Amino acid sequence: MTAPTGGEAAAAHAAEAGTFWRPGAPCTPRTCVERAARTRALPWAVLRLTALLVLLAAGATVRLVTAPLGIRLPPGPVRRWCRWVVRAAGVRVRIGGEAVPAAGVLIVARHVSWLDVPLLAAVRPARMLAKSEIRSWPVAGRLAARGGALFIDRDRIRALPGTVARVAGHLRSGHAVAVFPEGSTWCGRAGGPFRPAAFQAALDADVPVVPVRLRYRVPGGPPATVPAFVGDDTLARSVWRVVRARGLSAEAEVRAPLVACPTTDRRTLARAAETETGAPGDAVLAGTAVPAGDGVPRGGVTA
């Protein structure tokens, strides 16, 4: 079965799954994820998987040793390690566009794959805002916590203002925080609207928002859905699909920072970032974006 493309993708994703507070996507492996047109021989795929696991284990070991000592790793080696992680999976990496500011900044992107995390960190290492469920994942949860991830409990709405305040505090301290504002992974040929809560943190901390366009492609083809990690897919199955595929490339294009004016509100900022991150397959299921600065005065924190 092949995945829909272009307008077909938009029609197939006509309704967003989940709830207002727990956003989801209608994407599933069966309806959205196509098979790779070219695959690696089994021994080469196993070699890729082994290299990926060795790199992740090495990174986890370093974090487990340095985190309790309060040692901050230099951004250069972290960026290079993240590139190696993506390359170890057999995916070419291309990073371009604007330079990310060195001070506090909110980095936002659309969410397609588990590869998005190292790909964004290859642009600039940042604290990741992640759903609290990840904390309980074996290995990955502990690594995320040691790496400084900020967790949001989507079942406790009353905790949202506190989470936004924590994000704002890190931004004021000069840290970068990375967020996937869709709140769920999509297949890469359609996307969901950006939730505005995290953008309130950028407004409160008075820092710019840097949108990053992430795309996965095969040579001469449309956006690839092979790397997608959606629906009831398992992480193991998604990883194996990626290491088995040939010709995949990952592109991260850093867009110009969005700087809010005094009248910009979080929803306006979210819509502007939504536009700048681009339609994954020219099929974004969201409202019409308006430029930052045309909003209304800031209000309280809601999702």
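Residues numbered from 1 in each chain as written. Predicted model: local features only at pLDDT ≥ 70, side-chain atom pairs only at ≥ 80, totals over all residues. Heavy atoms only, no water.

Caption draft 1: How the structure looks around the overall build of the protein. Across its full length, the protein holds 10 helices and 7 strands. Counting every position in the protein, which comprises 303 residues, the buried fraction comes to 48%. For the protein, contacts bridging at least 24 residues in sequence account for 78% of all contacts bridging at least 6. Carbon and sulfur atoms make up 59% of the accessible area of the protein, which totals about 14,100 Å². (Helix = DSSP H or I, 4+ residues; strand = E, 2+ residues; numbered from the N terminus. Buried < 20%, exposed > 50% of the residue type's maximum accessible area, 1.4 Å probe, protein only. Contact = heavy atoms within 4.5 Å. Areas by Shrake-Rupley, 256 points an atom, 1.4 Å probe, with all protein chains shown as cover.)

Caption draft 2: Spatial organisation of the packing of aromatic side chains. Enumeration over the complete set of coordinates arrives at 1 aromatic pair. Seen in terms of ring centroids, Phe194 and Phe199 are 6.4 Å apart; in terms of plane orientation they differ by 20°. Their pairing is stacked. Residue Phe194 shares its accessibility class with Phe199, and that shared class is buried. (Phe/Tyr/Trp six-rings, centres within 6.5 Å; stacked < 30°, edge-to-face > 60°.)

Caption draft 3: Just the pairing of strand S6 (residues 209-217), in detail. Counting buried residues along S6, 8 of its 9 residues qualify, which places the element largely inside the surrounding structure. In this structure, strand S2 (residues 105-109) lies alongside S6, joined through 4 bridges in parallel fashion. By the bridge assignment for S6, Ala109 is matched with Val212. Taken together, the 6 bridges between S6 and strand S7 (residues 249-254) define a ladder with antiparallel strand orientation. (Pairing = 2+ DSSP bridges.)

Caption draft 4: Looking closely at a positive patch on the surface. A cluster of basic residues, Arg38, Arg87, Arg92 and Arg246, forms a positive patch on the protein surface. Structurally, Arg87 can be placed in helix H4 (residues 75-88). (Patch = residues over 30% accessible without salt bridge, like charges linked within 9 Å, V, L, I, M, F, W, Y side chains within 5 Å. Salt bridge = Lys/Arg side-chain N within 4 Å of Asp/Glu carboxyl O. Lys, Arg positive; Asp, Glu negative; His and termini not counted. Charge placed at Lys NZ, Arg CZ, Asp CG, Glu CD.)

Caption draft 5: Spotlight on a nonpolar patch on the surface. Nonpolar side chains collect at one region of the surface, where Val62, Val65, Leu69, Ile71 and Leu73 lie side by side and expose about 420 Å² of accessible area between them. Mapped onto the secondary structure, Leu73 falls in the loop between helix H3 (42-66) and H4.

Caption draft 6: A look at the pattern of salt bridges. For the structure shown, the criterion picks out 8 salt bridges. For Arg241, the salt bridge goes to Asp233, with nearest N and O atoms at 2.7 Å. Take Arg241 and Asp233: they sit in the same class, and that class is buried. Several salt bridges share partner residues, and in doing so they unite Arg94, Arg217 and Glu251 into one network.

Caption draft 7: The arrangement of the packing of H3 against helix H9 (residues 235-244) in detail. For the pair H3 and H9, interaxial distance at closest approach is 9 Å and the crossing angle is 120°. When the axis of H3 is compared with that of H9, the two are oblique. Viewed along their axes, H3 and H9 form a crossing whose handedness is right-handed. In contact with Leu42, Ala45, Val46, Arg48, Leu49 and Leu52 of H3, H9 contributes Val239, Trp240, Val243 and Arg244. Partitioned by chemical class, the residues of the contact of H3 with H9 number 8 nonpolar, no polar and 2 charged. (Axes fitted to C-alpha atoms, helices over the stretch in contact; angles between N-to-C directions. Parallel < 35°, antiparallel > 145°, perpendicular 65-115°, else oblique. Left-handed = near helix turned anticlockwise from the far one by under 90°. Nonpolar A, V, L, I, M, F, W, Y, C, P; charged D, E, K, R; others polar.)

Caption draft 8: Examining the side chain of Arg215 more closely. Within the secondary structure, Arg215 is located in strand S6. Among buried charged residues, Arg215 stands out as having no salt bridge; its nearest opposite-charge side chain is Glu253, 4.1 Å away. When neighbours within four sequence positions are excluded, Arg215 is seen to be in contact with Ser249, Ala250, Glu251 and Glu253.

Caption draft 9: Focus on the environment of His111. Inspection of the secondary structure assignment puts His111 in the loop between S2 and helix H5 (116-123). Placed 68 residues apart in sequence, His111 and Val179 show a C-alpha to C-alpha distance of 9.2 Å. When sequence neighbours within four positions are dropped, the list of residues in contact with His111 reads Asp116, Phe180, Glu182, Ser184, Thr185 and Trp186.

Caption draft 10: Structural detail: the environment of Pro227. Here Pro227 shows up in the loop between S6 and H9. For the pair formed by Pro227 and Ala36, sequence separation is 191 residues and the distance between their alpha carbons is 9.7 Å. Every residue in contact with Pro227, bar those within four places of it in the chain, is listed here: Val112, Ser113, Trp114, Leu115, Tyr216, Ser238, Val242 and Leu248.

Caption draft 11: Main features of the packing of H4 against H5. Direction vectors running N to C along H4 and H5 enclose 145°, while the axes themselves pass 8 Å from each other. Taken as a pair, H4 and H5 cross one another with a handedness that is left-handed. Between H4 and H5, the contacting residues are Arg79, Cys82, Arg83, Val85 and Val86 on the first element and Pro118, Leu119, Ala121, Ala122 and Val123 on the second. Classifying every residue of the contact of H4 with H5 gives 8 nonpolar, no polar and 2 charged.

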